[in-house]
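What follows is the residue order along each chain.
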Amino acid sequence: MKKVVKSALAVLATLSLAGCAQAPIGAPEGAANNVGDTFKIGYNLELTGAVAAYGSQEKMGADLAVKEINESGGINGKKIEVVSKDNKSDNAEAASVASSLVSNDKVVAAVGPATSGAAKATIPNMTQAGVPLITPSGSDDSLTLMKNGRLNEFAFRTIFQDSDQGRIISTYVTNNLKAQKVLIYYDNSSDYAKGIYSSFKKNFKGDIVDTVTFQSGDKDFQATLSKVKKLNYDAIVMPGYYNETGLITKQARELGITTPIIGGDGFASDTYVQLSGKKAATDVHYVAAFSPKAPASSKTEPFIKNFKKANNQEPSAFAALAYDAVYMIKEAAEKGKVEDSAQLAKELAQIKDFNGVTGVMTIDKNHNPIKSAVIVTLDNGVESKAEVVNPE
């Protein structure tokens with residue numbers, strides 16, 4: 001681990017703790033769902049649609065946590081009952097699922113959605129009902145703390161923020177890749193990608209030779225890549241999801257662009273390599289919350305073993321983050337001996353030194369986790385290196 005990258009995360013921890021929020025956006029007086037004979041948790045996940053690779057992994061991770069907890073006696077002596085619903089990778093559907101989970105199914109917490117846009121779409125319904133949601137991978141800064149400084153009282157996450165990723169990428173590009181000039185190629189239809197881009201641009205001290213964009217659903221990037229191939233740069237910074245970034249990587253390498261590519265955790269899916277091709281996925285780097293090659297806590301290796309046994313595959317970062325989300329609910333509920341969803345939200349906000357498989361984390365005043373990150377490097381489509389980046 002390079003010292004300069006560690007220093008960047010030290011700054012993240014300080015900034016995160018230093019944030020000052022205005023009054024929270026809360027639920028109506030008395031709004032909450034009671035814990036019944038079972039401890040009912042809802043899944044609001046992308047099980048089909050454009051980003052099903054994320055939601056499906058998160059369901060597997062959450063399911064494993066539920067199984068382990070129930071086998072060990074449940075939460076406060078009550079078994080977890082799961083109500084799982086597919087939001088179809090659609091923001092409007094995610095909001096509808098949230099309404100159904102809190103109003104019809106009376107869940108006391110929800111895991112998901114996986115993406116920032118879908119998670120934000122659910123917050124009004126979750127808040128109205130007084131039920132907390134934990135998004136494993138929704139990283140948009142404004143998800144928990146809105147742009148006007150108001151805190152979303154019932155929104156939590158186990159992933160770091162987009163602005164964190166932008167700072168980490170900036171430091172890694174400068175000090176590890178030794179890049180003084182970069183090309184930025186980002187998804188301007190995605191709040192996630194725009195957040196990383198904005199933070200990177202703010203923090204990078206080198207030269208941005210050009211900024212080009214794509215949109216979700218694009219397939220052909222030849223024209224743009226042919227144009228930027230002629231420019232002089234040391235790395236390509238590519239915030240976006242695997243659907244497009246995998247194809248861009250493939251087409252860039254086919255055009256002879258061998259420059260290092262670096263992105264956020266939107267790369268963290270086997271589908272990225274399937275789309276890019278193994279050979280093209282070389283000298284590719286991305287921020288991740290988890291890697292089997294870089295255990296972040298004492299619980300990481302047992303989790304990997306149990307996940308592989310249950311699912312016959314390696315866990316992704318998304319599976320690990322959802323696993324941590326369920327165990328975070330357990331810890332909060334048992335510490336506070338909670339009897340309803342509103343009490344659970346208050347206890348989630350007080351979590352300190354939670355030992356998760358993605359690292360030890362503390363929830364700050366803005367409901368964001370202070371935790372470690374990982375920089376993953378791909379060569380020939382396989383992780384060749386993974387480095388844990390710890391806040392100090």
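Computed from a predicted structure; not experimentally measured.

**Student:** Please clarify how the overall build of the protein chain should be interpreted in this entry.
**Tutor:** Check the secondary structure of the protein chain and you find 12 helices and 17 strands. The C-alpha radius of gyration of the protein chain comes to 20 Å, within 12% of the 21 Å expected for a compact globule of 392 residues. Evaluated residue by residue, the protein chain yields a buried proportion of 57% over its 392 residues. Of the contacts formed within the protein chain by residues at least 6 apart in sequence, a portion of 72% connects residues at least 24 apart. On the protein chain, roughly 15300 Å² of surface is accessible, and the fraction owed to carbon and sulfur atoms is 47%.

**Student:** Just checking my understanding: could you explain the packing of helix α5 (residues 162–175) against helix α6 (residues 191–203) for this structure?
**Tutor:** Packed helices, taken two at a time, are described by the angle their axes make and the gap between the axes. Running from N to C, α5 and α6 point in directions that differ by 45°, and their axes come no closer than 7 Å. For the element pair α5 / α6, the angle class is oblique. In this structure, α5 meets α6 at a crossing whose hand is right-handed. Of α6, the residues touching α5 (which contributes Asp162, Ser163, Gln165, Gly166, Arg167, Ile169, Ser170 and Val173) are Asp191, Tyr192, Gly195, Ile196, Ser199, Phe200 and Asn203.

**Student:** Sorry, what's going on with the pattern of salt bridges here?
**Tutor:** Close approach of charged atoms allows side chains of opposite charge to pair. Throughout the structure, instances matching the rule amount to 10 salt bridges. Its salt-bridge partner being Asp164, residue Arg167 comes within 2.9 Å of it at the nearest N-O pair. One end of the pair is Arg167 and the other is Asp164, both in helix α5 and three residues apart, which spans about a single turn. Of the two residues, Arg167 and Asp164, both sit in the buried class. Here Glu314 makes a salt bridge to Lys308, at a shortest N to O gap of 3.6 Å. Connected through salt bridges with shared partners, the residues Lys120, Asp140, Asp191 and Lys194 form a single ionic network.

**Student:** Please explain α5 as it appears in this structure.
**Tutor:** Every α-helical turn comprises 3.6 residues, leaving residues that sit three or four positions apart pointing alike. Look at α5: 20 Å from first C-alpha to last across 14 residues, which is about the 20 Å you get at 1.5 Å a residue. Burial of α5 is extensive: 12 of the 14 residues sit out of reach of the surface. If you check which residues of α5 are buried, you get Asp162, Ser163, Asp164, Gln165, Gly166, Arg167, Ile168, Ile169, Ser170, Thr171, Tyr172 and Val173.

**Student:** Looking at this model, I keep getting lost on the nonpolar core. Mind explaining?
**Tutor:** Note on soluble globular proteins: their nonpolar side chains tend to be buried together. In terms of nonpolar packing, the biggest core is built from 60 residues, with Val173 and Val182 touching the most fellow members. The residues contacting Val182, other than those within four sequence positions of it, are Val173, Phe200, Phe204, Asp207, Ile208, Val209, Asp210, Tyr233, Ala235 and Val237. Of all hydrophobic cores here, the second largest spans 43 residues; its members include Val35, Ala320, Tyr327 and Ala333.

**Student:** Please explain the side chain of Gln165 as it appears in this structure.
**Tutor:** Structurally, Gln165 is set in helix α5. Taking relative accessible area as the criterion, Gln165 reaches 0% and is therefore assigned buried. Of note is the side chain of Gln165, whose polar atom sits 3.0 Å from the backbone nitrogen of Asp265. Setting aside residues up to four positions removed in sequence, Gln165 forms contacts with Ser139, Phe160, Tyr192, Ile196, Gly264, Asp265 and Val287.

**Student:** Please clarify how the sheet that holds strand β4 (residues 109–111) should be interpreted in this entry.
**Tutor:** One key point about sheets: their strands pair by backbone hydrogen bonds, in either a parallel or an antiparallel sense. Pairing is parallel in the open sheet, where five strands are placed in the order β3-β2-β4-β5-β7. Looking at the sheet topology across the chains shown, the edges are occupied by β3 (80–86) and β7 (155–157). The average undirected angle you get between the axes of adjacent strands in this sheet is 25°. Where strand β5 (residues 133–135) and β7 come together, three bridges link them in parallel fashion. Bridging across to β7, Leu133 finds its partner in Ala155.

**Student:** Would you mind showing me how to read the sheet that holds strand β16 (residues 373–379) here?
**Tutor:** Pairing is mixed across the open sheet formed by seven strands, whose spatial order is β9-β8-β10-β11-β12-β16-β17. Each of the sheet's edge strands pairs with one partner strand only, and the pair in question is β9 (207–214) and β17 (382–389). Taken pair by pair, the neighbouring strands of this sheet meet at an average axis angle of 20°, ignoring direction. Relative to β9, strand β8 (residues 181–187) runs parallel, the two being bridged by seven bridges. Note on β9: the bridge partner recorded for Tyr186 is Thr213.

**Student:** Which parts of the structure should I look at to understand the confidence of the model for the protein chain?
**Tutor:** Any residue range with low pLDDT should be treated as having predicted coordinates unsuitable for detailed reading. Mean pLDDT over the protein chain works out to 92, with 93% of the residues at or above the 70 mark. Note that residues 1–23 has pLDDT below 50 and, in this model, 52 contacts with residues that lie over four places away or in other chains.

**Student:** Sorry, what's going on with the environment of Leu225 here?
**Tutor:** Its location among the elements puts Leu225 in helix α7 (residues 222–228). Residue classification places Leu225 among the buried positions, given a relative accessible area of 1%. Placed 24 residues apart in sequence, Leu225 and Thr249 show a C-alpha to C-alpha distance of 10.0 Å. Setting aside residues up to four positions removed in sequence, Leu225 forms contacts with Tyr185, Ile248, Gln251, Ala252, Leu255 and Ile257.

**Student:** Explain helix α8 (residues 242–254) here, please?
**Tutor:** When the terminal C-alpha atoms of α8 are compared, their 18 Å separation across 13 residues agrees well with the 18 Å that a helix rising 1.5 Å per residue should span. Considered for burial, the residues of α8 that qualify are Tyr242, Asn243, Glu244, Thr245, Gly246, Leu247, Ile248, Thr249, Gln251, Ala252 and Arg253. Following α8 by one or two positions, Gly256 adopts a phi angle in the positive range, close to 90°.

What counts, and at which threshold
- Residues numbered from 1 in each chain as written.
- Predicted model: local features only at pLDDT ≥ 70, side-chain atom pairs only at ≥ 80, totals over all residues.
- Heavy atoms only, no water.
- Helix = DSSP H or I, 4+ residues; strand = E, 2+ residues; numbered from the N terminus.
- Rg over C-alpha atoms; globule rule 2.2 N^0.38 Å.
- Buried < 20%, exposed > 50% of the residue type's maximum accessible area, 1.4 Å probe, protein only.
- Contact = heavy atoms within 4.5 Å.
- Areas by Shrake-Rupley, 256 points an atom, 1.4 Å probe, with all protein chains shown as cover.
- Axes fitted to C-alpha atoms, helices over the stretch in contact; angles between N-to-C directions.
- Parallel < 35°, antiparallel > 145°, perpendicular 65-115°, else oblique.
- Left-handed = near helix turned anticlockwise from the far one by under 90°.
- Salt bridge = Lys/Arg side-chain N within 4 Å of Asp/Glu carboxyl O.
- Expected span 1.5 Å × (residues − 1).
- Core = buried A, V, L, I, M, F, W, Y, C linked by side-chain atoms within 4.5 Å.
- Polar contact = N/O pair within 3.5 Å; in protein donor to acceptor, adjacent residues only side chain to side chain.
- Pairing = 2+ DSSP bridges.
- pLDDT = per-residue confidence, 0-100.

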